[in-house]
Amino acid sequence: MTTLDTALTIADESPEALYAFLESRGWGDGLPVVAPTPQRVDAMLAAYDGDPDEIIGTLAPRLGEATPRVLAVNAVMAGCTPNLLPVLVAAVRGLVAPEFNLRGVNSTTHPVSAMVLVHGEAVERCGFNAGTGTLGPGNRANATLGRAVRFVMMHVAGGTAKGHDGAGLGDASTHGQPSKYTFCFAENTAASPWPAYPRTLGLDTASAVTVAGMENPHNFHDMESREPAGILDKAATVMATFGTNNAVVSDAEYFVVLGPEHAATIAGAGWARQDVQSYLYEKARRPAGDFRAHFTANLWRPWMKALRDDDLMPMTDHPENIRVLVSGGPGKQSFVVPSWGRTRSVTVPFA
């Protein structure tokens with residue numbers, strides 16, 4: 001007999017019966033899941049050094065209580081190995097931080113998803129792929145941790161597009177996006193010419209996880225430049241678009257994830273991470289009059305609203321809102337990820 005929780009059982013243990021049952025309840029992501037039997041959940045919890053019934057927080061909009069035990073159930077369903085539970089717990093601590101704005105992320109019509117980024121010793125210890133294809137298929141840790149975070153946002157927070165009765169519940173996204181299935185990758189610290197990303201936030205920690213409410217990544221390539229400007233000018237063109245929510249939210253974030261080859265070229269010219277941020281802040285701009293022509297409702301700083309039409313207005317109000325790190329493998333490719341706008345990334349250390 002397959003047990004889903006203390007009050008719910010399914011007499012038929014077959015994968016097909018479980019699949020159909022979850023579908024009838026509006027649970028899961030539409031793909032097959034692993035049955036969260038008591039044995040599997042207990043094995044997951046055995047890897048967690050803490051109180052399994054600690055209330056980590058209540059997740060909006062449903063206000064479900066997230067505990068390690070509840071997270072373990074979702075981790076099993078997603079296919080996680082037990083050593084990923086501490087990473088999932090840390091990620092959920094980020095989701096419940098006020099600045100993440102989980103209610104907004106879960107409820108907006110925008111296709112925002114929770115990007116999960118793993119840093120430090122846990123990348124190798126837990127088997128995350130930080131190299132070639134870090135955002136793609138084929139790695140269990142990347143795929144299942146991102147899926148588990150999504151399950152928590154659906155099952156605990158109520159961020160589902162349709163309930164089992166056919167009515168919309170929490171996720172009002174007009175179209176959704178592929179990264180709502182799973183959106184997890186890892187920082188390639190070994191290939192980075194700069195300190196690990198958490199250290200830029202003042203976190204001296206062996207491992208950490210960052211969660212951020214983001215759009216899908218947008219790749220840019222540069223096969224020829226031998227100087228930083230050529231590479232970063234292309235990144236700036238990706239950032240300076242009116243098609244993102246960032247255009248109307250002045251404190252919005254961008255993650256600029258450089259491939260190791262681009263990062264090596266930039267650092268080889270003597271540029272620090274802060275130089276990259278400052279350059280992109282200056283280059284990713286459009287005339288203020290163009291902003292006004294497209295948007296009447298906005299959340300711009302007063303100094304941005306005071307710009308003349310011909311003045312170039314930055315896509316974000318401070319260079320530190322441009323988050324720079326290294327991930328991926330060989331190849332002169334990098335990518336930009338815009339945020340939903342009314343959310344801030346959160347980085348949480350863990351053991």
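Residues numbered from 1 in each chain as written. Predicted model: local features only at pLDDT ≥ 70, side-chain atom pairs only at ≥ 80, totals over all residues. Heavy atoms only, no water.

Caption draft 1: Here's a closer look at the pattern of salt bridges. Following the criterion strictly, the structure yields 14 salt bridges and no others. D317 is paired through a salt bridge with R301; the nearest N and O atoms lie 2.5 Å apart. With D317 in the loop between β11 (312-314) and β12 (322-326) and R301 in the loop between α12 (288-294) and α13 (302-305), this pair connects stretches of sequence that are 16 residues apart. Taking the relative accessible area as the measure of exposure, D317 reaches 11% and is therefore buried. Among the charged side chains, a salt-bridge network with shared partners connects E253, R323 and R344. (Salt bridge = Lys/Arg side-chain N within 4 Å of Asp/Glu carboxyl O. Helix = DSSP H or I, 4+ residues; strand = E, 2+ residues; numbered from the N terminus. Buried < 20%, exposed > 50% of the residue type's maximum accessible area, 1.4 Å probe, protein only.)

Caption draft 2: Broad picture of empty space enclosed by the protein. Per the counting criterion, the structure on display carries one cavity of 30 Å³ or more. Its volume calculated, the largest cavity comes out at about 30 Å³. Considering the residues around the largest cavity, the lining is formed by S113, A114, G146, V149, R150, M153, S179, K180, Y181, T182 and F183. When residues of the lining of the largest cavity are traced back to their parent elements, those giving at least two are β5 (113-120) and α7 (140-156). In terms of residues, the lining of the largest cavity owes the most to one element, α7, which gives four residues. Of the residues contributing to the lining of the largest cavity, the split by class is five nonpolar, four polar and two charged. (1 Å grid on protein atoms, 1.4 Å probe; cavity = no way out; pocket = protein on both sides within 12 Å on 5 of 7 lines; lining within 4 Å. Points joined across faces, edges and corners; volume = space filled by probe spheres on them. Nonpolar A, V, L, I, M, F, W, Y, C, P; charged D, E, K, R; others polar.)

Caption draft 3: Broad picture of the sheet that holds strand β7 (residues 207-214). Read across the open sheet, the four strands follow the order β6-β5-β7-β14; overall the sheet is mixed. Bordering the open sheet on either side are β6 (184-186) and β14 (346-350), each of which pairs with just one other strand. In this sheet, adjacent strand axes meet at a mean angle of 20° when their direction is disregarded. Sheet topology note: the β5/β7 ladder contains eight bridges and is antiparallel. Within β7, the position partnered with G120 by the bridge is S207. Against the sheet, helix α4 (residues 85-95) touches β5, β7 and β14, its axis set at about 145° to β14. Together, β5 and β6 form the strand contacts of α7, whose direction differs from that of β5 by roughly 135°. (Pairing = 2+ DSSP bridges. Axes fitted to C-alpha atoms, helices over the stretch in contact; angles between N-to-C directions. Contact = heavy atoms within 4.5 Å.)

The values reported here are purely geometric and, on their own, carry no functional implication.
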